[in-house]
Amino acid sequence: MIISTKTRFIAAILASTTLAAPAIAGEVTGQVSDASQTRNLQSANVRIVELNRTVSTDRDGRFVFADVPAGDYTLEFSYSGADTVTQTVTVTDTGRVVANAELGGEFANEILVIGQAASFNSALSRQRESDGVSSVLTRDSIGQFPDQNVAESIRRLPGVNILNDQGEGRFVSVRGLDPELNSSSLNGIRLPAPESDVRSVALDVISSDNIESIEIKKSFTPDMDGDFLGASVEINTTSAFDRKKDLLSVKVEGSYNDYVGEVTPKGSFDFATKLSDDVGISGGISYYNRKFETDNVETGGWDEVDGVVYAPEIEYRDYDVERTRLSGNLNADIRASDYTNVFVRGTFSKFDDQEYRRRLIFDMGDFEDNGPSSATGNTVTFDDSDERITVIRDNKDRFESQTISSYIIGMDHDDGQWKAHLSGSWARASELENNSVDPIRFRSRFADRGVVVTQDYSDPRIPAFSVSGNTARFNDPAQYGFYRLDLTELSDSVDEEYAVKGDLGRSFGGSGGEFTVQGGFKARWREKSYNAEVIRYEDADLTLANVLGSATYRLFDLGPVPTYTGGSQRFFNFRDQFGEIDPIETGVESNAGDYSVTEDILAGYALARYDSSTLRVIGGVRVEKTTNELTGNLVSEDGDTVTVAPVAFTREYTDWLPSLTARFAPTDNVVLRLAGSRTLLRPKLSKMAPRFTINEDEEAEFGNPDLLPYEAWNLDASAEYYFGSNGAFTVGAFYKSVDNFIVDAVYDKADAPYNGVYRGTSFEEAVIPENGDKATVFGVEVSYSQIMTFLPAPLDGLLVQANYTYTDAKGTLFGGREITLPSASKHTGNIVIGFEKGPFDLRAAGTYRSRYLDEIGGGADEDRFVDNHFQIDLSAKFKVNDNLRIFAEWINVNDAKYFAYQNFEGAQRLLQYEVYGPTVKFGAKLSF
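This report concerns the structure included in the present document. Just so we're clear, the structure is a prediction, and the values are computed from it rather than from any experiment.

**A few points about a nonpolar patch on the surface**
Then step 1. A surface patch of nonpolar side chains, amounting to about 910 Å² of accessible area, comprises Leu248, Val250, Val252, Phe269, Ile285, Tyr287, Leu326, Phe348, Tyr407, Leu926 and Phe928.
Then step 2. Those elements giving two or more residues to the nonpolar patch turn out to be strand 16 (247-257) and strand 18 (279-299).
Then step 3. Here the element with the most residues in the nonpolar patch is strand 16; it accounts for three residues.
Then step 4. Structurally, Phe269 is set in strand 17 (residues 263-276).
Then step 5. Classification of Phe269 by relative accessible area gives partly exposed; the value is 33%.

Structure (structure tokens):
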């Protein structure tokens, strides 16, 4: 008889353990739900006491034990927030025993289904039963906070914070690290990125209303995609099998921004229903329209002449923004057998962003050699009798639309012995902008006109200005003639990925636990491209007086400014008047930044797993082969002619990613975890593309086809202590050793290594992505959460959650300079104080993030830092009856601002300052 290599391998493993599969065995299966028969409980722990075997329930509350010898056994069911329940069962030879359980008793609705306590208990149960180090946010928690999108919901978790865009959360930072070091998936589908220049996904595109759970996985096992250093962010929408009862929920609300002064709408509904015992559908739609304003001040950097420090260029920006989100999802689940589920899931998110920006720009570049005319203390003066003063007043009218779609079909099988998964998916993200006027500029140059401009730096965040002398000429809109108009006819970014995944595992039960051997594969085919068509107009018989408007700027009086749409409407109505086109700038802008990159990844893995009631060990290795094809354009200038020559590069590399994870629970209240792994992070596709872009300030960015991926060895350790059924205290540490970390190096034009590649193009400064030498990341996480049921009434309705993360992330550039890794905050923390009693549900949340390095400059005094950020949000809900709740939410109560600066000449010097104002929301939620 011929024995296969696979059979010998499995036999050898089994022989090395104390486990032995019985010759005659039965099966124990069942489903765990709350006592009110509303929800199936995921991650409930089920234990066969006599065999020391344990499993966690799936998202539909089901569990199965195979290879159970004939005999009498005690089943133990436990879940955070509920008393442990036991059952006695009798297993016969080759028989099947069904043992369902209901947890939570008469208070099941209050502690396991709705409200703060339910979300708290669900999250704790999933965290406790997880394989590695992770944090979980469930459906009810997401609804408890006044969050506007998925990114803002996630920031409530330990070690998690967000990077804001105009006061709204966009990118997720885990353990204080750059969002680019994370990966994101939705329903198991790796999400592509709409923006042309990032790999990470801005999660503000996705509404938080239709999300079932969000899990932040901070450690790695071989069955996961291996491309993350911070965390894998895994988002799931609802399933009809999550619940025992049908669901229909409708939510309507209004949003009021203090700056705008008007109410904008938001509404959503979601549902889950079973068409039969084995077929269910679920889904939902969310719509949100938000208007807000931002007052902004920016500088282009600082200079020093003869001991006088000043800003050669200051911009005062007045933003008016309208954002609209439309999100929807539809899911179908079919139970093909007692052990096999078939599913289809689809999601769609659309994010429209209409931005108007008026600017007043003071350009004192002609004072570069001699500095300001005079200086006294924090005040500097520029007199146009000494040098020319340039003042620009412009307007941007830009509409941008982002979409993310994802679809997956697959099956899961688990009969207690064989576990299998097979799925195919497709995801597409895009960002489209067309016919945006970005910007239309009006300029006046004052030389010997009697104009004097004074800048006061007494407030380091808001440099004030005043104009004296010939103020009539300075404030006359007819003196500001048309300078130029940049028309973005097309800016089209598309990121698309197909994937196929399969997993197969075999479990062997015995008297001491359960042993599993598992393997699988995943193939991903991704293509990201960007195409721009830009036209620069440089001649028109037009002045600011032709498109005059008024500002809503609260920091200073800007004087005459264009209307929101005056410049763009005038252009589109009288386009033939804008006759002269700059052929060089038009040719460069329309070709140099275009690119297409394919990324094909073929991965396989093998792992072995041992489970008992006290010990779980998962070890194995994953291998991922990456192939890239990079195409772009080589752009050069010759007189008035721009030459475009396509260029292409091909890359291929293979990475082996071993890992070992251990979970040890010596008592019911203690869980210890230790995980070691190797992971990688591929460079941004746009950073590798052979491309070149240049902005209106003549700052250039180059691609680098030679970039290597991040490679990291990771070590995680944590200890978790659970206070019975109402709280937990967790402390953990992590360490990462990173090779080839990527930074954006800044070069002057003369020193830029790619200067000769793009001949004749005009830029003053070049940003080029490069691999650094080595980086290390060390940190500590502490988390505490508890429902204060031990306090006397009514204080027993209090809930406290607090977490803090310390991260020390340092790297060395090849030039020997040591830096803090970009976007790495040393301190992050959250605190939540909640109260839930009777019809009242109150919550106050505070979020803190310390400063971080945002951009690396040519030297330490040119590095850009973003200052620390602390924000307070409040929410209140009142239960009118079992179906209706009304609520009010107050976002950014303390009016937290955004401040970016550089440490120049011994002080923090302003680079960017923004004020948003608070937002109030109010509404009602109806559930059936």
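**A word on the nonpolar core**
Then step 1. Counting 79 residues, the largest nonpolar core has Tyr316, Phe362, Leu485, Phe578 and Phe741 as the members making the most contacts within it.
Then step 2. Ranked by residues supplied to this core, first place goes to strand 31 (residues 514-537) with five residues.

**Some thoughts on the sheet that holds strand 42 (residues 742-748)**
Then step 1. If you trace the four strands from one edge of the open sheet to the other, you get 38-39-43-42, paired in mixed fashion. Two strands in the sheet have a free side with no partner beyond their single neighbour: strand 38 (692-694) and strand 42. For this sheet the average axis-to-axis angle between neighbouring strands, irrespective of direction, equals 25°.
Then step 2. Where strand 39 (residues 699-702) meets strand 43 (residues 765-771), three bridges bridge the pair, whose relative direction is parallel. The partner of Glu701 across the bridge, within strand 43, is Val767.

**What to know about helix 3 (residues 115-129)**
Then step 1. Given a rise of 1.5 Å per residue, 15 residues ought to cover 21 Å, and the 22 Å separating the end C-alpha atoms of helix 3 matches this to within 8%.
Then step 2. In terms of burial, helix 3 is a largely internal element, 14 of the 15 residues being buried.

**Focus: the pattern of salt bridges**
Then step 1. The final tally for this structure, using the stated rule, is 65 salt bridges.
Then step 2. Across the pair Glu293 and Arg554 runs a salt bridge whose closest N-O atoms are separated by 3.1 Å. One end of the pair, Glu293, is in strand 18; the other, Arg554, is in the loop between strand 32 (548-549) and strand 33 (561-562), and 261 residues separate them in sequence.
Then step 3. Note on Arg554: relative accessible area 37%, which makes it partly exposed.
Then step 4. Measuring nitrogen to oxygen at the nearest pair gives 3.5 Å for the salt bridge that ties Asp353 to Arg398. On the criterion of sequence distance, the pair formed by Asp353 in strand 22 (residues 340-363) and Arg398 in strand 25 (residues 389-414) is long-range, its members being 45 residues apart. In this structure, Asp353 and Arg398 share a single accessibility class: buried.

**What to know about the environment of Val263**
Then step 1. Mapped onto the elements of the fold, Val263 is located in strand 17.
Then step 2. Taking C-alpha positions, Val263 is 8.8 Å from Lys921, a pair spaced 658 residues apart along the chain.
Then step 3. Those residues in contact with Val263 that lie beyond four places of it in its chain are Gly254, Ser255, Tyr256 and Phe922.

**Here's the deal with the sheet that holds strand 13 (residues 189-190)**
Then step 1. Pairing in this open sheet of five strands is mixed, and the strands run 9-14-15-12-13 from one edge to the other. Two strands lie at the open edges of the sheet, namely strand 9 (134-138) and strand 13, each paired on one side alone.
Then step 2. Where strand 12 (residues 183-186) and strand 13 come together, two bridges link them in antiparallel fashion. Among the inter-strand pairings, Leu186 is bridged to a residue of strand 13, identified as Ile189.
Then step 3. Running at roughly 150° to strand 9, helix 3 makes contact with strand 9 and strand 14 (211-217) of the sheet.

**Some remarks on the pairing of strand 26 (residues 418-433)**
Then step 1. Of the pairings in the sheet, the one linking strand 25 to strand 26 comprises 14 bridges and is antiparallel in character. Across the sheet, residue His413 finds its bridge partner in strand 26, namely Ala420.
Then step 2. Here strand 25 folds back onto strand 26, and the loop between the two strands holds three residues, one of which, Gly416, carries a positive phi near 90°.
Then step 3. As defined by bridge partners, strand 26 adjoins strand 30 (residues 481-509) across 16 bridges and the pair is classed as antiparallel. In the strand pairing of strand 30, Ala427 is matched with Glu497.

Conventions adopted
Residues numbered from 1 in each chain as written. Predicted model: local features only at pLDDT ≥ 70, side-chain atom pairs only at ≥ 80, totals over all residues. Heavy atoms only, no water. Patch = residues over 30% accessible without salt bridge, like charges linked within 9 Å, V, L, I, M, F, W, Y side chains within 5 Å. Areas by Shrake-Rupley, 256 points an atom, 1.4 Å probe, with all protein chains shown as cover. Salt bridge = Lys/Arg side-chain N within 4 Å of Asp/Glu carboxyl O. Helix = DSSP H or I, 4+ residues; strand = E, 2+ residues; numbered from the N terminus. Buried < 20%, exposed > 50% of the residue type's maximum accessible area, 1.4 Å probe, protein only. Core = buried A, V, L, I, M, F, W, Y, C linked by side-chain atoms within 4.5 Å. Pairing = 2+ DSSP bridges. Axes fitted to C-alpha atoms, helices over the stretch in contact; angles between N-to-C directions. Expected span 1.5 Å × (residues − 1). Contact = heavy atoms within 4.5 Å.

Read these as layout, nothing more, since geometry by itself doesn't imply function.
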